[in-house]
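Observations on the model geometry
Residue strings, one per chain:
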Amino acid sequence: MLGNPSYPTYQAFLALGIAAVIALALMPLWIRILKFEGIGQQVRADGPERHLVKQGTPTMGGVIILISIVVTCLLMGKLTTELVLVLLATVATGLLGLIDDATSVTHGRSLGLTPHAKMIGLTLICVLFCLFSVNWCGVEPIVRFPGGFAIDLGVLTTTLDLGGQAFSIPWLYVAFTWLLIAGLSNAVNLTDGLDGLAGGTSMIALLIMAAVTFLCNDPNLTVFCTSCAGACLGFLWFNCYPASIFMGDTGSLALGAALAAVAVMTNTEVVSLIVGGLFIIEALSVMIQVVSFKATGKRVFLMAPIHHHFEKMGWAETKVVIRFWIVSAAFGALGLALFFQLG
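Below or above, wherever it landed, is the structure these notes cover. Keep in mind it's a predicted model, so treat the numbers as computed, not measured. (Residues numbered from 1 in each chain as written. Predicted model: local features only at pLDDT ≥ 70, side-chain atom pairs only at ≥ 80, totals over all residues. Heavy atoms only, no water.)

This part is about the pairing of strand β3 (residues 157-162). Buried residues are scarce in β3, accounting for zero of its six residues. Bridge count between β3 and strand β4 (residues 165-170): six bridges; the pairing is antiparallel. Bridging from a neighbouring strand, Leu 160 pairs with Phe 167 of β4. Following β3, the chain reverses through two residues before pairing antiparallel with β4; Gly 163 in that reversal takes a positive phi of roughly 65 degrees. (Buried < 20%, exposed > 50% of the residue type's maximum accessible area, 1.4 Å probe, protein only. Helix = DSSP H or I, 4+ residues; strand = E, 2+ residues; numbered from the N terminus. Pairing = 2+ DSSP bridges.)

For the structure on display, the rule yields three salt bridges. Note that Lys 118 is salt-bridged to Asp 100, the shortest N-O span being 3.2 Å. Here Lys 118, found in helix α4 (residues 115-136), pairs with Asp 100, found in helix α3 (residues 81-107); they are 18 residues apart in sequence, far enough to count as distant. The residues Lys 118 and Asp 100 share a single accessibility class, namely buried. A single salt-bridge network, built from bridges that share partners, covers Asp 100, Lys 118 and Asp 249. (Salt bridge = Lys/Arg side-chain N within 4 Å of Asp/Glu carboxyl O.)

The next subject is unusual backbone geometry. Residue Pro 242 is reached from Tyr 241 by a cis peptide bond, and omega for that bond is -10 degrees. For the peptide bond that leads from Ala 304 to Pro 305, omega is 0 degrees, which places it in the cis range. Within the secondary structure, Pro 305 sits in the loop between α10 (277-296) and α11 (306-312). Phi is positive for Met 60, close to 65 degrees, though the residue is something other than glycine. Relative to the helices and strands, Met 60 is located in the loop between α1 (8-37) and α2 (62-76). Positive phi values are uncommon outside glycine, yet Asn 267 reaches one of about 55 degrees.

As structure tokens, this is what we get:
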């Protein structure tokens, strides 16, 4: 393992730099491979007209993001059970996104897997991650809120005897974890609609979670978070406007899962929802739009997710992205402040 384990802050910052360098080094080759194979983004026909020029831009940049994260964690982290589980959840969700991206490219449309198929995959990942976290890592099925208030979701638990080893299934907490991981994965996925938007906001959120894990005295999860942030940083060099590559579902689903998985492992689920507040707003804008249109036939936003609403209002793409970065940073600061108020 590189670095000095007596200095976790040193390891964390070095992990950020290593992940960024790996992404910067590998991305140009990956872009050339994707262009050679003709693997490009399929743009929504009903989207902003200015996005039509993005048609055919290489996608699946999330593959390099995942490689950067895994390699950096192997170099800089100690493979504890917690780190391994979080890595597996992130990679598994990324592979689900990769299948979605490949399906989209194969069928030549902006939609990949059906929502039903994607949800089955996410559900399997979420349930397994939750059960192993509770039984192997000692994660408590308790949701803590700022102010010292907490809800025990372990009141409805089934205990199985597996060869003399007790295996607990806290049903309510499993359901909550599913909502958290699946929700944040899809929320980041919905945010991935403008050049640099999902990459920048994910980087900010994961840097905040790095601070949270450091305060929770888990330097290996800190390394994981800074590795994710560093991979996003390297990716942004090629994804800034005008983007040379998109992360695709491979990256967006994985980054959302990474944020949620770290929150579960540190019992900071509510904090993660505040830190990822921008992602929640993006997801809510889609839900509100759908419900409003079905109920009244009218749309609340000019277009959903909400970043497209501001584009339709005439904001430049770069203005939307930078202002959303600022909002994401504000949510991150608020989440970190409220972390100190947890029970």
